[in-house]
Amino acid sequence: MSTQPLPLEGITVVAVEQAVSAPFATRQLADLGARVIKVERTDGGDFARGYDTAARGLASHFVWCNRGKESVALDLKDPRGLDVLHRLIADADVFVQNLAHGAAARLGLDAATLCAAHPRLVAVDISGYGSEGPYAHKRAYDMLVQCEAGLVSVTGTPEQPVKAGIPAADIAAAMYAFSGVLAALVRRGTTGRGGPVEISMLEALAEWLGHPLHHVMHGGTEPARTGVAHAVIAPYDAYATADGGQVLLSVQNDREWRRLAQLVLNQPELADDPAFATNAARVTHRTKTDEVVAQALAGLTAVEAVGRLESAGIACARLNTVEDVAAHPQLAARGRWREVESPVGPLRALLPPINLGGSQEARMGAVPALGEHTCVALRALGMTDEQVAELRRDGVIA
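Residues numbered from 1 in each chain as written. Predicted model: local features only at pLDDT ≥ 70, side-chain atom pairs only at ≥ 80, totals over all residues. Heavy atoms only, no water.

**Q** Is there a simple way to explain the packing of helix α1 (residues 21–31) against helix α7 (residues 168–191) in this structure?
**A** Each pair of packed helices gets described by two things: the angle between the helix axes and the distance between those axes. Between α1 and α7, whose axes approach to 8 Å, the crossing angle comes to 40°. Between α1 and α7, the interaxial angle falls into the category oblique. The interaxial crossing formed by α1 with α7 has right-handed handedness. Each of Ser-21, Phe-24, Ala-25, Gln-28 and Leu-29 in α1 lies in contact with α7, whose residues at this interface are Asp-170, Ile-171, Ala-173, Ala-174, Met-175, Ala-177, Phe-178, Val-181 and Leu-182. Its residues placed into classes, the contact of α1 with α7 shows eleven nonpolar, two polar and one charged. (Axes fitted to C-alpha atoms, helices over the stretch in contact; angles between N-to-C directions. Helix = DSSP H or I, 4+ residues; strand = E, 2+ residues; numbered from the N terminus. Parallel < 35°, antiparallel > 145°, perpendicular 65-115°, else oblique. Left-handed = near helix turned anticlockwise from the far one by under 90°. Contact = heavy atoms within 4.5 Å. Nonpolar A, V, L, I, M, F, W, Y, C, P; charged D, E, K, R; others polar.)

Here's what the structure looks like:
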């Protein structure tokens, strides 16, 4: 049985990108076979390169979002550097940018301008708040957008709102940009025309707030912050175990509560106790419900607690650390780990979660050094060694 090629082989993407939202979007395209040319500043490149040094000297954000790309370093303030970029775009299928508000338009790199000049091009503008409206000019970083989108208001404890522990606004925008590109390429296959794609971090994250947003808009109250507990289901929380771990369990209906009472709590009389027999009663008596569950699990190790809950048919999970996830037996059993090359040697990385049966495995290319592919890209445009050397001497490329 022959293996199909990756679906984006033959597609060229040019990206003027930084931080997370655009780089994470274009990394998805690279994983699926696209050639992604990442255009960076000559003076340090994508500023995410400097966020930390946790990945054996490289920045963890950068390693995560930029494997499989070619790095071309250009000074876009120099007309010669901007000309090189426009020549790269002329040969591309997709262009993605997430520059500060107004910067792309000043350089002629906004989606509308580029698509007018190149009708087959799919051009993506990613911004914090969109191209119009009273917030269009505002600087937008992930935590700020999490606050504006209301995510922080529903995350945390009753006493303290907290941001999500991952860049949720960036990731939301990235994944809508990724799917927007795929949709636009499908349409181009039918019509022959690309077109602009606009993604706002605020709009992407507001869409993800769908349940609480619809609840409030249509007559409900503001959702309560409940930590890892569920606002309207009990017991549904994390409970400490004898070995210092925590196990989260979820009882979704009254049949499950009876099994929990009989087989895990060893208190069968609670199965039909009016204070606990229905979810409404358990929520009303949440403190007492949590107490009886906590007492039962406190005498068990996390492994014992999970085993007993699973035997009783109760949904449960370990409250894992990030280190635990890196050693997760399910990820290991499914062979999800690979190594990608980088300037500091091989680095461990997860296969992307899109599994295409019968296709080649995702292309998990190397993490590029700044400007690693500049000369090759310029020579492919027809420039001579002398012209490339002149641009390097003048600081137009790196």
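**Q** How do you make sense of the pairing of strand β5 (residues 122–127) when you look at a structure like this?
**A** Moving residue by residue along a regular strand, the side chains alternate between the two faces of the sheet. With five of its six residues buried, β5 lies for the most part within the structure. Taken together, the four bridges between strand β4 (residues 94–97) and β5 define a ladder with parallel strand orientation. For Phe-95, the partnering residue across the bridge sits in β5 and is Ala-123. As paired elements, β5 and strand β6 (residues 195–200) share six bridges and run parallel to each other. Following the sheet pairing, Ala-123 is matched in β6 by Pro-196. (Buried < 20%, exposed > 50% of the residue type's maximum accessible area, 1.4 Å probe, protein only. Pairing = 2+ DSSP bridges.)

**Q** How do you make sense of the side chain of Asp-237 when you look at a structure like this?
**A** Mapped onto the secondary structure, Asp-237 falls in strand β7 (residues 236–240). In this structure, Asp-237 is buried with no salt-bridge partner, the nearest side chain bearing the opposite charge being Arg-286 at 5.8 Å. Those residues in contact with Asp-237 that lie beyond four places of it in its chain are Val-228, Ala-229, Val-247, Leu-248, Leu-249 and Asp-290. (Lys, Arg positive; Asp, Glu negative; His and termini not counted. Salt bridge = Lys/Arg side-chain N within 4 Å of Asp/Glu carboxyl O.)

**Q** Looking at this structure, I do not really get the packing of α7 against helix α8 (residues 201–208). What am I missing?
**A** Relative to each other, α7 and α8 sit at 95°, their axes nearing to 8 Å. Between α7 and α8, the angle is such that the two are roughly perpendicular. For the pair formed by α7 and α8, the contact residues are Ala-168, Ala-169, Asp-170, Ile-171, Ala-172, Ala-173 and Tyr-176 on the first element and Met-201, Ala-204, Leu-205, Glu-207 and Trp-208 on the second. In terms of residue class, the contact of α7 with α8 is built from ten nonpolar, no polar and two charged.

**Q** What exactly am I supposed to notice about the sheet that holds strand β2 (residues 35–40) here?
**A** Pairing between sheet strands relies on hydrogen bonds along the backbone, with the strands arranged either parallel or antiparallel. Reading across from one edge, β3-β2-β1-β4-β5-β6 is the order of the six strands in this open sheet, with parallel pairing throughout. The open sheet terminates on both sides in strands that have one partner only, identified here as β3 (69–73) and β6. Neighbour-to-neighbour, the strand axes of the sheet open up by a mean angle of 20°, direction not taken into account. Packing of helix α3 (residues 79–90) onto the sheet brings it into contact with β1 (12–16), β2 and β4, and relative to β1 it is tilted by some 150°.

**Q** Explain the sheet that holds strand β8 (residues 246–250) here, please?
**A** Reading across from one edge, β7-β8-β9 is the order of the three strands in this open sheet, with antiparallel pairing throughout. Two strands lie at the open edges of the sheet, namely β7 and β9 (315–318), each paired on one side alone. The mean angle between the axes of side-by-side strands here comes to 25°, regardless of whether they run parallel or antiparallel. Alignment of β8 against β9, held across four bridges, turns out to be antiparallel. Opposite Ser-250, over in β9, you have Ala-315 as the bridge partner. Of the strands in this sheet, β7 and β8 are in contact with helix α12 (residues 286–298), which crosses β7 at around 40°. Across the sheet, helix α13 (residues 302–311) touches β8 and β9, and the angle it forms with β9 is around 165°.

**Q** I would appreciate a short explanation of α13 in the present structure.
**A** One full turn of an α-helix is made of 3.6 residues, so residues set three or four places apart face in the same direction. Those residues of α13 that fall on the buried side of the exposure criterion are Ala-302, Ala-305, Val-306 and Leu-309. Buried residues along α13 cover an arc of 95° about the axis, so they all sit on one side. Among the exposed residues of α13, those oriented more than 90 degrees off its buried face are Val-303 and Ser-311. In this structure, the buried residues of α13 make contact with β8, α10 (254–264), α12 and β9. Directly after α13, the chain includes Gly-313, whose backbone phi takes a positive value near 75°. (Arc of directions from axis to C-beta.)

**Q** Honestly, the nonpolar core in this entry has me stumped. Any pointers?
**A** Nonpolar side chains tend to gather and get buried jointly when the protein is soluble and globular. Val-13, Val-94, Val-96, Val-124 and Ile-126 are the most contacted members of the largest nonpolar core, which has 41 residues in total. The set of elements that each furnish at least two residues to this core consists of β1, α1, β4, β5, α7, β6 and α8. A per-element tally of this core places α7 first, with eleven residues. Ignoring sequence-local partners within four residues, the contact set of Val-13 consists of Thr-26, Leu-29, Ala-34, Arg-35, Val-36, Ile-37, Val-94 and Val-96. Of all hydrophobic cores here, the second largest spans 32 residues; its members include Val-16, Val-39, Ala-103 and Leu-121. (Core = buried A, V, L, I, M, F, W, Y, C linked by side-chain atoms within 4.5 Å.)

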